[in-house]
Amino acid sequence: MSSVTLTLNAVSKEFSRRSIFRDVSATLWTGESLIIAGRNGSGKSTLVKIICGLLTPSKGSISYSFDEKVIDQENVRNHIGLVSPYLQLYDEFTGKENLELLSQIRSDRRIDDRRVDEVLKEVGLWERRNDFLRTYSSGMRQRLKYAFAIIHKPDILILDEPTSNLDADGIAMVKRQVEGQKRGGILIVATNDAEESTWGEKRIDLGTANASR
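Right, let's walk through the structure included here. (Residues numbered from 1 in each chain as written. Predicted model: local features only at pLDDT ≥ 70, side-chain atom pairs only at ≥ 80, totals over all residues. Heavy atoms only, no water.)

**A short note on the environment of Ile186**
- Mapped onto the elements, Ile186 comes out in strand β8 (residues 186-190).
- Since its relative accessible area comes to 0%, Ile186 is described here as buried.
- Along the sequence, Ile186 and Lys175 sit eleven residues apart, while their C-alpha atoms lie 15 Å from each other.
- Here Ile186 is in contact with Val4, Thr5, Leu6, Leu28, Trp29, Thr30, Glu32, Asp155, Ile156, Leu157 and Gln181, once residues within four sequence places are set aside. (Helix = DSSP H or I, 4+ residues; strand = E, 2+ residues; numbered from the N terminus. Buried < 20%, exposed > 50% of the residue type's maximum accessible area, 1.4 Å probe, protein only. Contact = heavy atoms within 4.5 Å.)

In structure tokens:
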């Protein structure tokens, strides 16, 4: 099994001189999971974006390694899968076209058609794969975000509000993804939900005096 390490070293973020969080530190290895908790406005989504490389920290650093080789920031996206409310989807394309387009944007490598079909079945969208996204419910859109997040079998899976808009079947699908990721990679969950907060072994509580665990 490949070994992945993610390290947050005294990460801080400020917007317009206002401190969002300070000195967040954590280290995760393959098979470990982390909960990012905190009240609304404490910076959970901001920290997720920093981990993914979508934002830069005001202070501190984040490093990634794969089989003990450092991964540069430019290639981190090939190792991360993200489910979040701010992931952009395209109403004028079908579900399958969205998945193919977003996958090509993330990586120069073309995703195999069999893998696309496999993932659409896995998230429960196979029968609606050729329907335009504008006909999708909010729960179906969330399922498609999962398809995008897992299609490349990421080493690090990051879930921001993981069960938002999902019904019971959708939540069961998420739990299967969570358990599978914990067996073979790193899982990070940003949530305020009590049950979702039990999905990880390590925890960062933003907005507390000491945000590191």
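This is not the end of the story, as more comes after the structure.
**Some thoughts on the pattern of salt bridges**
- Tallying each qualifying case throughout the model produces eleven salt bridges.
- The salt bridge partner of Arg143 is Asp167, with a shortest N-O separation of 3.3 Å. Of this pair, Arg143 sits in helix α4 (residues 138-150) while Asp167 sits in the loop between β7 (156-160) and α5 (168-184); the two residues are 24 residues apart in sequence, bridging distant segments of the chain.
- Here Glu201 ties to Lys182 by a salt bridge, and the two come within 3.6 Å at their closest N and O atoms. Here the residue Glu201 occupies a position in the loop between β8 and β9 (202-205), and Lys182 occupies one in helix α5, the gap between them amounting to 19 residues.
- Members of the salt-bridge network, linked through shared partners, are Glu179, Lys182 and Glu201. (Salt bridge = Lys/Arg side-chain N within 4 Å of Asp/Glu carboxyl O.)

**Considerations on the sheet that holds strand β1 (residues 4-15)**
- Spatially, four strands are ordered β2-β1-β4-β5 in an open sheet, and the strand pairing comes out antiparallel. Of all the strands in the sheet, just β2 (18-29) and β5 (69-70) have a single pairing partner and so form its edges.
- Alignment of β1 against strand β4 (residues 59-66), held across seven bridges, turns out to be antiparallel. The residue of β4 that forms the bridge with Leu8 is Ile62.
- The strands touched by helix α1 (residues 44-52) within the sheet are β1, β2 and β4, with β1 carrying the most contacts at an inclination of about 130°. (Pairing = 2+ DSSP bridges. Axes fitted to C-alpha atoms, helices over the stretch in contact; angles between N-to-C directions.)

**A look at the sheet that holds strand β6 (residues 80-83)**
- Strand order in the open sheet made by the five strands is β6-β7-β8-β3-β9, with parallel pairing throughout. At either end of the open sheet lies a strand with only one pairing partner, and these are β6 and β9. Averaged over neighbouring strand pairs, the angle between their axes works out to 15° when direction is ignored.
- Here β7 runs beside β8; their pairing, made up of five bridges, is parallel. Bridge pairing links Leu157 to Leu187 in β8.
- Running over the sheet, α4 touches β6 and β7 and is turned about 175° from β6.
- Most of the contacts of α5 go to β8, to which it runs at about 135°, and overall it touches β3 (33-37), β7 and β8.

**So, the packing of aromatic side chains**
- On inspection of all chains with the given rule, the structure shows one aromatic pair.
- In this arrangement the basic side chain of Lys49 is found over the ring face of Tyr86, its NZ or CZ atom lying 4.4 Å from the centre. (Phe/Tyr/Trp six-rings, centres within 6.5 Å; stacked < 30°, edge-to-face > 60°. Lys NZ or Arg CZ within 6 Å of the ring centre and 35° of its normal.)

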